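Residues per chain are reported as follows:
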Amino acid sequence: MFKHWVVAVLLSLSFTVSAQESWQINLKEADIGAFISQVADITGKSFVVDPRVKGKVNVLTSEAMDSSGVYELFLSVLQVHGYAAVPAGDVVLIVQQNEVKQVGRDLNTQSANDSQEMLTKVIMIKNTPALDLVPILRPLVAKYGHLAGVKSANALIISDHAMNIQRIEQIIDRLDKSGSEELEVVQLKEAWVGNVVTMLQSLDPSKVSQGNGDNNNTAGSIRVVADERSNRLIIKGEKTARERIRHLIEQLDQPSYFSGSAQVIRLQYADATKLADLLKNLMGEVSSNDKDAQQVKGSVGIHADEELNALVVRAEPSLMKEIQELVASLDVRRAQVLIESAIVEVTGDVNDALGVQWVSGDLDNPVSMTNFSDAGPSLSTIATSVASGSYASAIGSGLTVGGYSENNGVLDFGVILQALQSDSNTNLLSTPSIMTMDNQEAEIIVGQNVPFITGSTSSSTNSNPFTTITREDVGVTLKVKPHIHDGTDIRLEVEATAESVSATSVSGSADLITNKRSIKTMILTGNQETIVLGGLIRDDVIESESKVPWLGDIPVLGWLFRSSSSEHVKSNLMVFLRPTIVNNAETSRDLTREKYNGIWEFDVSDQLGADSIDASLDRLFSGRPTNR
């Protein structure tokens, strides 16, 4: 038996307390503030009461309760009167229920599941979209509570009494079934998985996903993934949805009336014959390496129609799709490359000659004479020309000054002074250009077809004389094969040759001499970057002197007994190249327009000046011809 004692409180507040700290509460028209005060004494909690918390309460209990039971009873009384107790650190706030959302307790605070405490909790949803649950659960949350969904985290935020939150969690657990995580594999015998998946998805896109990563978590949704290698379907979803889809798949997986299907694939850029050979070799390797896959997919036939530039393919659906994907990847517009080159050769030749020739006595019977040919025609050549009456041929190039004296009408002494200086400059510029496709070799030849004698017989040794000749191309040749890397860098296999026929020929024959400059190399360069392929700089100096021994070495007077000449030849040969990637029609039209305009703006007078080579190169590689 417990011994009870009764405490009278203002406005008839009464508690019955046992020796073992149990309380029985009976209140009638008690002030709520006094009630809060007595609960604080019993539970040992500190309350902070909102001034708006006012009113009378009536509480009747038939059994004694411990301090925790008194506190739960206290929370229920507050809820009935529109108030709530919210723990905030070491104190408990007594506020109106509609303010609970702003002053809710810490999310990490734990409480009993059947407690009437106000909580704010984050509930993570595994399978069902959180936003789909919000309209279903909102009527279950108190008006002063809060319910919201977070799409990015697929979670719910709830503010309500702990007991109600527990009930809502139970509902969510039943709605958010884990059955959609179950997997099932279906082996197809007749149909091809690609066609079946496409057909299932087209029936109801909102319910059937092709497993491409879309988060399709609506009720009854299912995901179907095709394993083309083994012709199997992988199904993921709830049990009922899986059974429905599996039954439909069994009806679709029936033998077809036709073994394989034929299709004509028209090509836009690729060559049908080459592509057909490539696909035949590829499909042959697949068949030999994977016998099981070949039995499932069947054989394949690929033929090229050259007139239509199309492929005629007959294969099972699985192989047909694979071939279509390969053709789509190979039948693409290939980039082109415009290669502009410049072969520049500049030659300068400077000749200086000075000589003195004299004779004493008759030309027919000279007593003494000097005879040099370094500075011009020799004295004997001049005398022969004068004797024959050909005075014009007796005088060489440059300055020729002569004098003589006679004795009784006979030449007694004669002297000739010859001086010559000649300068010659030659500028040669060849600018071949050619456009070709990526990885495709191209060649351009600009020149002449020159005959060369290969054999002959004369009439004295043969009654049927003849001469055999062969013709060779002589001119500028550019052969190039580009390889584009990453759309910016270009690897070029280049062979550039410049040939010309020399003005001289082989002595004593009609054979021709040709000059040849050639470069064969492989380079790596950037798009529209001018690069030098190679070159040759040559500087030749030839000095010659003819003199009379001892007399030609006399200071000052020695020049009367000698003749000297010097020749300085300097040449510079350089080969430049600039590639331009043409990967679309607009770039091709722009380049064509620039080159076409350059034809009409070209001025031959540019080639006559000392700066002609620089001006021509600037116009060639700038892409903007100079206006005249």
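To start, this report covers the structure provided alongside it. The structure displayed is predicted, hence computed values, not measured ones. Along each chain, numbering runs from 1 in the same order as the chain's sequence is written. In keeping with the predicted nature of the model, local features appear solely for residues at pLDDT of at least 70, side-chain atom pairs appear and are counted solely at 80 or more, and the whole-chain, interface and lining totals rest on all residues. Water and hydrogen atoms were dropped before computing side-chain values, which therefore reflect all heavy atoms in the structure.

## Examining helix α4 (residues 162-175)
In a regular helix each residue adds 1.5 Å, so 14 residues correspond to 20 Å; α4 covers 20 Å between its end C-alpha atoms and thus fits that length. For α4, every residue scored as buried is listed here: A162, N164, I165, I168 and I172. The buried residues of α4 all sit within an arc of 150 degrees when viewed along its axis, so they share a single face. Facing away from the buried surface of α4 by more than 90 degrees, the exposed residues are D173 and R174. A contact between two residues is defined here by any heavy atoms of the two lying within 4.5 Å. Helix and strand definitions follow DSSP, with helices as H or I runs of at least four residues and strands as E runs of at least two, each counted in order from the N terminus. Of the surrounding secondary structure, the elements contacted by the buried residues of α4 are β8 (118-124), α3 (130-137) and β10 (155-161). By this rule, a helix spans an expected 1.5 Å times one less than how many residues it contains. Summary of the burial criterion: residues with accessible area below 20% of their type's maximum are buried, those above 50% are exposed, and those between are partly exposed, where the area comes from a 1.4 Å probe applied to protein chains only. Comment: arc refers to directions from the helix axis out to C-beta atoms.

## Considerations on a nonpolar patch on the surface
Together, L551, I554, V556, L557, W559 and L560 line one region of the surface with nonpolar side chains, adding up to about 530 Å² of accessible area. Mapped onto the elements of the fold, L557 is located in the loop between β27 (531-547) and β28 (562-582). A patch consists of residues whose relative accessible area exceeds 30% and which take part in no salt bridge; residues with like charges are grouped when within 9 Å of each other, and nonpolar side chains (Val, Leu, Ile, Met, Phe, Trp, Tyr) when within 5 Å. Only the protein chains shown count as cover for residues, with accessible areas throughout obtained via the Shrake-Rupley method and a probe of 1.4 Å. Put simply, a salt bridge is a Lys or Arg side-chain nitrogen that is within 4 Å of an Asp or Glu carboxyl oxygen.

## Considering the packing of helix α1 (residues 32-43) against helix α2 (residues 67-80)
Between α1 and α2, the least distance of the axes is 9 Å, while the angle of their chain directions is 155 degrees. In terms of their interaxial angle, α1 and α2 are classed as roughly antiparallel. Between α1 and α2 the crossing geometry is left-handed. From α1, I32, F35, I36, V39, I42 and T43 reach across to α2, where they touch S67, V70, Y71, F74, V77 and L78. Split by residue class, the contact of α1 with α2 holds 10 nonpolar, 2 polar and no charged. Fitted lines through C-alpha atoms serve as axes, helices being fitted only where they are in contact, and the angles separating the N-to-C directions of these axes extend from 0 to 180 degrees. If an angle is under 35 degrees, it is roughly parallel; if it is over 145, roughly antiparallel; if it lies from 65 to 115, roughly perpendicular; otherwise it is oblique. Helix crossings are classified by the rotation of the near helix relative to the far one: an anticlockwise turn of less than a right angle makes the crossing left-handed, while a clockwise turn makes it right-handed. Each residue gets one of three labels, nonpolar for Ala, Val, Leu, Ile, Met, Phe, Trp, Tyr, Cys and Pro, charged for Asp, Glu, Lys and Arg, and polar for the others, Gly among them.

Keep in mind these values describe shape, not function.
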